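Listed here are the chains, written in short residue letters.
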Amino acid sequence: YPSLPAFMLDALKTMDVYPPDRTEAVISNSLAVIEVYRAFQDQGIDTSGLQARMDYHLQSGVNYLGATQNIDGGWGWVPGADSDSLIAAYAIMGLYKSSQRGIQVDSAVIQKAQDYLNSVLNSPGNTVQTWKLDRLVFIHYALQETGRGSQDLAALYEQRDRMSIWAQALLAMA
């Protein structure tokens with residue numbers, strides 16, 4: 001590739017053919033579009049020719065998430081599957097970042113997701129599995145980023161030595 005921007009543009013083409021049948025894939029694609037757009041703007045690269053295409057991808061992702069949200073406010077790994085707190089936290093991050101980018105997001109979808117995530121929050125207690133602590137931190141982080149975070153993170157902070165490095169970093173940002 002002649003340049004990193006050329007590579008990034010080529011990589012975005014895969015989103016045109018990637019089947020949107022998994023919730024995680026739709027969110028990942030949306031977040032990738034947002035970051036490519038941000039990187040181009042940060043480098044002063046003209047995005048006027050890409051804006052409509054990027055907005056289309058983001059709006060498609062937002063529409064998909066709105067249409068596949070479960071009645072409890074969460075999302076499963078695939079449409080119709082039981083809600084999963086990790087996917088719900090990831091989805092709310094994608095929706096929030098899309099709205100920051102100017103994409104129309106139904107506030108009721110975000111509200112239901114925040115309510116779902118708050119309903120599944122629990123105290124870390126005697127959790128010994130790193131992945132469970134990491135997931136709990138990610139949920140808190142997603143809620144914090146979307147304006148519904150809890151300031152009561154002391155119990156998680158006490159467990160920080162049992163978390164992965166990325167969860168410790170998210171906890172510091174929450």
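Before reading further, recall that the structure is shown in the block above.
Residues numbered from 1 in each chain as written. Predicted model: local features only at pLDDT ≥ 70, side-chain atom pairs only at ≥ 80, totals over all residues. Heavy atoms only, no water.

Novice: Mind showing me how you'd approach the overall build of the protein chain here?
Specialist: Tallying secondary structure elements over the protein chain gives 8 helices and 0 strands in all. Reading the protein chain from its N terminus to its C terminus gives the helix and strand order α-α-α-α-α-α-α-α. By its C-alpha atoms, the protein chain is 50 × 35 × 25 Å across when sized along the principal axes. Buried residues in the protein chain amount to 41% of all 174 residues. Excluding contacts between residues fewer than 6 apart, the proportion of contacts in the protein chain whose partners are at least 24 apart in sequence is 64%. (Helix = DSSP H or I, 4+ residues; strand = E, 2+ residues; numbered from the N terminus. Buried < 20%, exposed > 50% of the residue type's maximum accessible area, 1.4 Å probe, protein only. Contact = heavy atoms within 4.5 Å.)

Novice: Got a minute to help me understand the nonpolar core in this structure?
Specialist: Note on soluble globular proteins: their nonpolar side chains tend to be buried together. Trp75, Leu95, Leu117 and Leu156 are the most contacted members of the largest nonpolar core, which has 46 residues in total. Listed by contribution, the elements that provide at least two residues to this core are helix 1 (4-17), helix 2 (23-42), helix 3 (51-68), helix 4 (85-100), helix 5 (107-120), helix 6 (130-145) and helix 8 (165-173). Not counting chain neighbours up to four residues away, the residues in contact with leucine 156 comprise Pro124, Leu133, Leu136, Val137, His140, Met163 and Leu171. (Core = buried A, V, L, I, M, F, W, Y, C linked by side-chain atoms within 4.5 Å.)

Novice: Teacher, can you tell me more about the packing of aromatic side chains here?
Specialist: Geometrically, a pair of aromatic rings is defined through the distance of the ring centres and the angle of the planes. In this structure the tally under the stated criterion is 1 aromatic pair. Ring centres of phenylalanine 138 and tryptophan 166 lie 6.3 Å apart, and the angle between their planes is 70°; this geometry places the pair in the edge-to-face category. In this pair, phenylalanine 138 sits in helix 6 while tryptophan 166 sits in helix 8, placing the two residues 28 residues apart along the sequence. The exposure class of phenylalanine 138 is buried, given its relative accessible area of 12%. (Phe/Tyr/Trp six-rings, centres within 6.5 Å; stacked < 30°, edge-to-face > 60°.)

Novice: Quick question: what am I supposed to make of the pattern of salt bridges here?
Specialist: Oppositely charged side chains can pair when the atoms bearing their charge come close. Across all of its chains, the model carries 6 salt bridges by this definition. With its nearest N and O atoms 2.8 Å apart, the salt bridge here joins arginine 38 to glutamate 35. With arginine 38 and glutamate 35 both in helix 2 and 3 residues apart, this pair spans about one turn of that helix. Judged by its relative accessible area of 35%, glutamate 35 is partly exposed. Salt-bridge contacts for aspartate 84 lead to arginine 135; the nearest nitrogen and oxygen are separated by 3.3 Å. (Salt bridge = Lys/Arg side-chain N within 4 Å of Asp/Glu carboxyl O.)

Novice: Looking at this structure, I do not really get the side chain of aspartate 84. What am I missing?
Specialist: Within the secondary structure, aspartate 84 is located in the loop between helix 3 and helix 4. Engagement of the side chain of aspartate 84 in a polar contact is seen with the backbone nitrogen of leucine 86, the distance being 2.9 Å. Not counting residues within four places of it along the chain, the set of residues in contact with aspartate 84 comprises Trp75, Gly76, Trp77, Tyr116 and Arg135. (Polar contact = N/O pair within 3.5 Å; in protein donor to acceptor, adjacent residues only side chain to side chain.)

Novice: Would you explain the packing of helix 4 against helix 6 in this entry?
Specialist: In a pair of packed helices, the angle between the axes and the distance between the axes together describe the arrangement. Remark: helix 4 packs on helix 6, axes separated minimally by 9 Å, with the N-to-C direction vectors making an angle of 25°. Taken together, the axis directions place helix 4 and helix 6 in an arrangement best described as roughly parallel. The two elements helix 4 and helix 6 cross, and the hand of that crossing is left-handed. From helix 4, Ser85, Leu86, Ala89, Tyr90, Ile92, Met93 and Tyr96 reach across to helix 6, where they touch Arg135, Phe138, Ile139, Tyr141, Ala142 and Glu145. Per-class residue counts for the contact of helix 4 with helix 6 are 10 nonpolar, 1 polar and 2 charged. (Axes fitted to C-alpha atoms, helices over the stretch in contact; angles between N-to-C directions. Parallel < 35°, antiparallel > 145°, perpendicular 65-115°, else oblique. Left-handed = near helix turned anticlockwise from the far one by under 90°. Nonpolar A, V, L, I, M, F, W, Y, C, P; charged D, E, K, R; others polar.)

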